[in-house]
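Results of the structural survey
Each chain, written out:
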Amino acid sequence: MIENPYHTSVLLHECVDGLAIKPDGIYVDVTFGGGGHSRAILEKLGPDGRLFAFDQDPDAWRQAEEIDDNRLELITANFRHIQKYLRIHGIKQVDGIMADFGVSSFQLDAAERGFSTRFDGPLDMRMGPSASTDAAEILNSYSAENLQKIFGMYGEIKNARTLAQAVVQARTQKALKTTSEFKEILAKLAPRFREFKYFAQAFQAVRIEVNQELAVIEEFLEQAANLLAPEGRLVVLSFHSLEDRLVKNFIRTGDCQGKEDKDMFGVVHKPLESVIRKPITASEEELKRNPRSRSAKLRIAAKL
């Protein structure tokens, strides 16, 4: 299996195995990216199988053009609209759904996208052109209170209040336009010898807010449970605790916040059941080959 240089798929074989693919089944890859997972799914499908792939990123669309396979249907939209677009294609139930919530290697390495802490670029961070705001607008217009909230909640930054005040103070001198300007602020407040992690946490916080990533995941999980056929598989790859917590809670209780819906006998009503005892993580071999896999957690569930 040839890996696409656009993005190295994490836990590729484990994800595809988790789908328990039926040759004539209908499957959905809601995060096409470089197409690694989609290509692997297509290899398992027979001539009557179908794969629907979602991606809102034009760079990913160009990757999809390289796959000449009439079993693949690319939907150029955010996967928060999965049910709507599948219905447009006449699909009411599917046999498996795959989601990889990681930022692609290409997005991280493309300076002009503004995702990377390593390169100077515009404060963008939009996953797709449909996003209503970008990182510059958030950093230049949010109140100190709102900035503190996103740095604390989404970046899990301990000195979130101090950072928020520093951003507000800096923008009174001039509007923030580049990732380097943002990093200049971060460098003054980062814990010694942990600067890179601090930068990554702050960038993550802003990126999540720009793309409304946690809200998208919640909407997706609810729809995915409705779309899956009995015994259909949900396979989700997460890369930080905020994402994984939503997935874990939803599989365990049917609610992203972990609220249990119990009947009078104490039985929890939920749509999915985990098929593995604990999340799958990358092997030592994969960690050496792809260090970005170190934070990945794979959860697999089946429709009850």
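Since the structure is predicted, the reported quantities are computational estimates derived from the model, not experimental observations.

1. As for the overall build of the protein
Check the secondary structure of the protein and you find 13 helices and seven strands. Expected size for 304 residues packed as a compact globule is a radius of gyration near 19 Å; at 20 Å, the protein falls within 12% of this value. Overall size of the protein, expressed as C-alpha extent along the three principal axes, is 60 × 55 × 40 Å. Burial status across the protein gives 52% buried among its 304 residues.

2. Notes on the UniProt feature "binding site: S-adenosyl-L-methionine" (unreviewed entry) in the protein
Taking the UniProt record as the reference, the feature "binding site: S-adenosyl-L-methionine" (unreviewed entry) is found at Gly 35, Gly 36, His 37, Asp 55, Phe 79, Asp 100 and Gln 107. Within the secondary structure, His 37 sits in helix α2 (residues 36–44). Setting aside anything within four residues of it in sequence, one finds His 37 in contact with Ser 9, Val 10, Leu 11, Leu 12, Cys 15, Val 16, Asp 29, Met 98 and Asp 100. Looking at His 37, its side chain comes within polar contact range of the main-chain oxygen of Val 10, at 3.5 Å.

3. Considerations on the pairing of strand β2 (residues 50–54)
With four of five residues buried, β2 is to be regarded as a mostly interior element. Alignment of strand β1 (residues 26–29) against β2, held across four bridges, turns out to be parallel. If you follow Val 28 over to β2, its bridge partner there is Phe 52. Each parallel crossover has a hand, and the one from β1 via α2 to β2 is right-handed. Examined bridge by bridge, β2 and strand β3 (residues 72–75) share four bridges and lie parallel to one another. Bridge pairing in β3 links Leu 51 to Leu 72.

4. Points about the packing of helix α7 (residues 144–154) against helix α8 (residues 160–173)
For the pair α7 and α8, interaxial distance at closest approach is 8 Å and the crossing angle is 135 degrees. The angle between α7 and α8 places the two elements in the oblique class. In the crossing of α7 with α8, the sense of the turn from one axis to the other is right-handed. On α8, the residues touching Ala 144, Leu 147, Gln 148, Phe 151 and Gly 152 of α7 are Ala 160, Arg 161, Leu 163, Ala 164, Val 167, Val 168 and Arg 171. When its residues are assigned to classes, the contact of α7 with α8 shows eight nonpolar, two polar and two charged.

5. Some remarks on the side chain of Lys 303
You can see Lys 303 is positioned in strand β7 (residues 297–303). The buried charged residue Lys 303 lacks any salt bridge, with Asp 95 as its nearest oppositely charged partner at 11 Å. When neighbours within four sequence positions are excluded, Lys 303 is seen to be in contact with Ala 225, Asn 226, Leu 228, Ala 229, Pro 230, Glu 231, Gly 232, Pro 271 and Leu 272.

6. Some words on the packing of aromatic side chains
Under the counting rule described, the total for this entry stands at six aromatic pairs. Between Phe 54 and Tyr 85, the aromatic rings sit 6.5 Å apart at their centres with planes inclined by 80 degrees, giving edge-to-face as the arrangement. In this pair, Phe 54 sits in strand β2 while Tyr 85 sits in helix α4 (residues 82–88), placing the two residues 31 residues apart along the sequence. Judged by centre distance (5.3 Å) and plane angle (85 degrees), the ring pair of Phe 79 and Phe 220 falls under edge-to-face. Note that Phe 79 is positioned in the loop between β3 and α4 and Phe 220 in helix α11 (residues 213–227), a separation of 141 residues in sequence. Across this residue pair, the class does not change: Phe 79 and Phe 220 are buried. Put simply, the rings of Phe 79, Phe 101 and Phe 220 pair up and form one aromatic cluster.

7. Digging into a nonpolar patch on the surface
Where nonpolar side chains cluster on the molecular surface, the patch consists of Met 264, Phe 265 and Val 267 and spans about 410 Å² of accessible area. Mapped onto the elements of the fold, Phe 265 is located in the loop between α12 (241–253) and β6 (272–274). Owing to a relative accessible area of 69%, Phe 265 belongs among the exposed residues under this scheme.

8. Brief notes about helix α10 (residues 195–211)
Its 17 residues place the ends of α10 24 Å apart at the C-alpha level, agreeing with the 24 Å of an ideal helix rising 1.5 Å per residue. For α10, the buried fraction is high: 13 of the 17 residues fall into the buried class. Gln 212, located one to two residues past α10, shows a positive phi value of around 50 degrees.

9. Notes on the nonpolar core
Ranked by size, the top nonpolar core spans 65 residues in total, and within it Leu 86, Ile 97, Phe 151, Phe 182 and Phe 220 carry the most contacts. If we ignore the near neighbours within four places in the chain, the residues touching Phe 220 are Val 30, Phe 79, Ile 82, Ile 97, Ala 99, Phe 101 and Leu 234. Ala 40, Ile 41, Ala 53 and Met 98 belong to the second-largest nonpolar core, a separate cluster that totals 27 residues.

10. Things to note about the state of the cysteines
Scanning the model with the defined rule gives zero disulfides in all. Not part of a disulfide, Cys 256 finds its nearest cysteine sulfur in Cys 15, a span of 19 Å. On the accessibility criterion, Cys 256 (4% relative accessible area) is buried.

Conventions we followed
Position numbers for residues start from 1 in each chain and track the written sequence from start to end. Local features in a predicted model are, by the rule used here, given only for residues with pLDDT of at least 70; side-chain atom pairs are given and counted only at 80 or more, and totals for whole chains, interfaces and linings are based on all residues. The side-chain numbers reported here are obtained from all heavy atoms of the structure, hydrogens and water having been left aside. Helical segments are the DSSP runs of H or I of at least four residues, strand segments are the runs of E of at least two, and each set is numbered from the N terminus. Just to be clear, the radius of gyration here is over C-alpha atoms, and the globule rule we use is 2.2 Å times residues to the power 0.38. For each residue, the accessible area found with a 1.4 Å probe, counting protein chains only, is set against the maximum for its type, and the residue is called buried under 20%, exposed over 50%, and partly exposed in between. UniProt positions are given in the numbering used here, feature names are shortened, and annotations may be inferred rather than shown by experiment. Should any heavy atoms of two residues lie within 4.5 Å, those residues are counted as being in contact. Here a polar contact is taken to be a pair of N or O atoms separated by no more than 3.5 Å, where protein atoms must pair a possible hydrogen donor with a possible acceptor and residues adjacent in sequence count only if both atoms sit in side chains. The pairing criterion is simple: DSSP has to find at least two bridges between the two strands. A clockwise path from the first strand over the helix to the second, with the strands pointing away from the viewer, defines a right-handed crossover. Each axis is a line fitted through C-alpha atoms, and for a helix only the stretch in contact is used; angles between axes span 0 to 180 degrees, taken between their N-to-C directions. Oblique is the label for every angle not falling under 35 degrees (roughly parallel), over 145 degrees (roughly antiparallel), or within 65 to 115 degrees (roughly perpendicular). In this scheme, a crossing is called left-handed if the near helix is turned counterclockwise away from the far one by less than a right angle; it is called right-handed if the turn is clockwise. All amino acids are sorted into three groups, where Ala, Val, Leu, Ile, Met, Phe, Trp, Tyr, Cys and Pro are nonpolar, Asp, Glu, Lys and Arg are charged, and the leftover types, Gly among them, are polar. Positive charges come from Lys and Arg, negative ones from Asp and Glu, while His and the chain ends are left out of the count. We count a salt bridge whenever a side-chain nitrogen from Lys or Arg sits within 4 Å of a carboxyl oxygen from Asp or Glu. Centre distance within 6.5 Å is the pairing criterion for rings of Phe, Tyr and Trp, where only the six-membered ring of Trp is used; planes under 30 degrees apart are then read as stacked, over 60 as edge-to-face, and the remainder as tilted. Without a salt bridge and with relative accessible area above 30%, a residue can belong to a patch; like charges are then joined within 9 Å and nonpolar side chains (Val, Leu, Ile, Met, Phe, Trp, Tyr) within 5 Å. Note on areas: these come from Shrake-Rupley sampling with a 1.4 Å probe, and a residue is covered only by the protein chains present in the view. Working rule for helices: expected span equals 1.5 Å times residues minus one. What is meant by a nonpolar core is a set of buried Ala, Val, Leu, Ile, Met, Phe, Trp, Tyr and Cys residues, joined one to another through side-chain atoms within 4.5 Å. By disulfide we mean two sulfur atoms from cysteines, separated by a distance within 2.5 Å.

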